[in-house]
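# Secondary and tertiary structure notes
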Amino acid sequence: MAADSSVDLHRPGVLTSHAFLSLPPTADIISTVEFNHTGELLATGDKGGRVVIFQREPESKNAPHSQGEYDVYSTFQSHEPEFDYLKSLEIEEKINKIKWLPQQNAAHSLLSTNDKTIKLWKITERDKRPEGYNLKDEEGKLKDLSTVTSLQVPVLKPMDLMVEVSPRRVFANGHTYHINSISVNSDCETYMSADDLRINLWHLAITDRSFNIVDIKPANMEDLTEVITASEFHPHHCNLFVYSSSKGSLRLCDMRAAALCDKHSKLFEEPEDPSNRSFFSEIISSVSDVKFSHSGRYMLTRDYLTVKVWDLNMEARPIETYQVHDYLRSKLCSLYENDCIFDKFECAWNGSDSVIMTGAYNNFFRMFDRNTKRDVTLEASRESSKPRAVLKPRRVCVGGKRRRDDISVDSLDFTKKILHTAWHPAENIIAIAATNNLYIFQDKVNSEMH
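Residues numbered from 1 in each chain as written. Predicted model: local features only at pLDDT ≥ 70, side-chain atom pairs only at ≥ 80, totals over all residues. Heavy atoms only, no water.

### Comments concerning unusual backbone geometry
Definition in use: Going along the chain from the N terminus, every DSSP run of H or I of four or more residues is numbered as a helix, and every run of E of two or more is numbered as a strand.
For cysteine 188, which is not glycine, the phi dihedral falls at a positive 60°. Structurally, cysteine 188 is set in the loop between strand S12 (181-184) and strand S13 (190-194).

In structure tokens form, the structure reads like this:
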């Protein structure tokens, strides 16, 4: 692991590379990134069904700048490819989402899901082993009882730290369509999973049944006009959750109102500007991600060209709209032809809900300061991954005069895209997944100020 950096939009030159972690090729394309509730652990899932957990190193006296560096803690195979014989469909092993459960004891727990099956994993540490059994030898085999002439008390001896990952529950057969999101409830007992047409509520201790809380499947599939794209529980109120749709709307639901939440409590939808109407309007308005703020007062959504902040008390329109890459508006036709227009970008809040982050093309990612209204474009690349490298703001040039470091919109590489990002819950540490590389950046200057 290498250097350190992050996200001070007031000092756009201070973002430095903290780490660059490259995973092996092919099935290694990262498909999800998630910090745990303390930020000490970071989990990634990939297309090969693997989960890699990184642990933050404690600061040492000999290397005072080493804190914040993340090293591999554990790697395990979460899902394997399967085949649905009834429908003659392959179920790929790709990890769609990972969610950490709040820590209850020394062990850590996380949920991981592919298209159909959700699994609960327990991560534990062992640094001692028992020795001196009366009836077993050192290899664990039973002794001949006639050789046992005395009794001894077994003792615990220190050993090299071993991280053990064990499957605790498998939640299967709950979804007909592909699971796109999972969210753990603030009651720490239940979680929900969403696919294209339904949302199910599960109890973490019960695997053989779930409760359907949203079902938008029409009686005739020809009448289908929208699908569910993402969902999340409110961070503080266990009865509230939100789900987004491919039509750009958000529905806030209250589980106290009815067992089946088909009738929403609030509908958040921005009226379309008729002057901007085009063939691509519905595609680019589809919400690819929704996140509650840590305070629970706001919601952050990402569609193809923008990120929007919504106030839970105002349904008519978002209170803030930020253009992520508006320069692509003239290129929607070619983006439609190469399917990039269907890319699902995620978004993230910082710990204080004052800055938001989302990805873009050419391995660029964008940050917006809600207080100063400043924004910055940064690049996750091998050049920026050198130890203590400072991230320099990048600028996309649409036409006219070009500065020396500007990049032309025609030179953008659409195969390099940052879809998955995560922000440390308390500090200015961010994780960026760029294809099969994980970049971790930290803002040391800003961290010390807080």
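### What about the pairing of strand S14 (residues 198-203)?
We count it as follows: In short, DSSP must find at least two bridges between two strands for them to pair.
Inspection of the sheet shows S13 paired to S14 by five bridges, in the antiparallel sense. The partner of serine 193 across the bridge, within S14, is asparagine 200. The antiparallel pairing of S13 with S14 creates a hairpin that spans three residues between the two strands. Alignment of S14 against strand S15 (residues 211-215), held across four bridges, turns out to be antiparallel. Looking at S15, one finds that isoleucine 199 is bridged to valine 214.

### Observations concerning the packing of aromatic side chains
Short version of the rule: Note on aromatic pairs: the rings of Phe, Tyr and Trp (six-membered ring only in Trp) are paired at centre separations within 6.5 Å, and the planes decide the class, stacked below 30 degrees, edge-to-face beyond 60, tilted for the rest. In this scheme, a residue with accessible area under 20% of its type's maximum is buried, one over 50% is exposed, and one in between is partly exposed, where area comes from a 1.4 Å probe on protein chains only. By definition here, charges over rings are those cases where NZ of Lys or CZ of Arg is within 6 Å of the ring centre and within 35 degrees of the ring normal.
For the coordinates displayed, the defined rule picks out 19 aromatic pairs. Seen from their ring centres, phenylalanine 268 and tryptophan 310 are 6.1 Å apart, and the 80° between their planes marks the pair as edge-to-face. One end of the pair, phenylalanine 268, is in strand S19 (residues 266-268); the other, tryptophan 310, is in strand S22 (residues 306-311), and 42 residues separate them in sequence. As far as the burial class goes, phenylalanine 268 and tryptophan 310 line up, both buried. Consider the rings of phenylalanine 365 and phenylalanine 441, whose centres lie 5.8 Å apart with planes at 20°: the pair is stacked. Linking phenylalanine 365 in strand S26 (residues 364-369) with phenylalanine 441 in strand S32 (residues 437-442), this pair joins segments that are 76 residues apart in sequence. Here a set of aromatic residues connected by ring pairs shows up, and it is made of Phe279, Phe280, Tyr336 and Phe342. The cationic tip of arginine 370 hangs over the ring face of tyrosine 298; the distance from NZ or CZ to the ring centre is 4.8 Å.

### Thoughts on the environment of phenylalanine 414
Test applied: Throughout, a residue-residue contact means that at least one pair of heavy atoms, one from each residue, lies within 4.5 Å.
Its location among the elements puts phenylalanine 414 in the loop between strand S29 (407-408) and strand S30 (420-423). In this structure the C-alpha to C-alpha distance between phenylalanine 414 and asparagine 363, which are 51 residues apart in sequence, comes to 8.8 Å. Those residues in contact with phenylalanine 414 that sit more than four places away from it in its chain are Leu328, Leu335, Cys340 and Tyr361.

### What to know about the sheet that holds strand S20 (residues 289-292)
The following threshold applies: Axis lines are fitted through C-alpha atoms, for helices just across the contact stretch, and the angle between N-to-C directions can take any value from 0 to 180 degrees.
Here we have four strands laid out as an open sheet, ordered S20-S21-S22-S23, and antiparallel in their pairing. Only two strands of the sheet have a single partner each, and these edge strands are S20 and strand S23 (320-323). With strand direction ignored, the average angle separating the axes of adjacent strands in the sheet is 15°. Where S20 lies against strand S21 (residues 298-302), four bridges are found, and the strand directions are antiparallel. Directly across from phenylalanine 292, in S21, lies its bridge partner methionine 299.

Geometric values such as these leave the question of function open.
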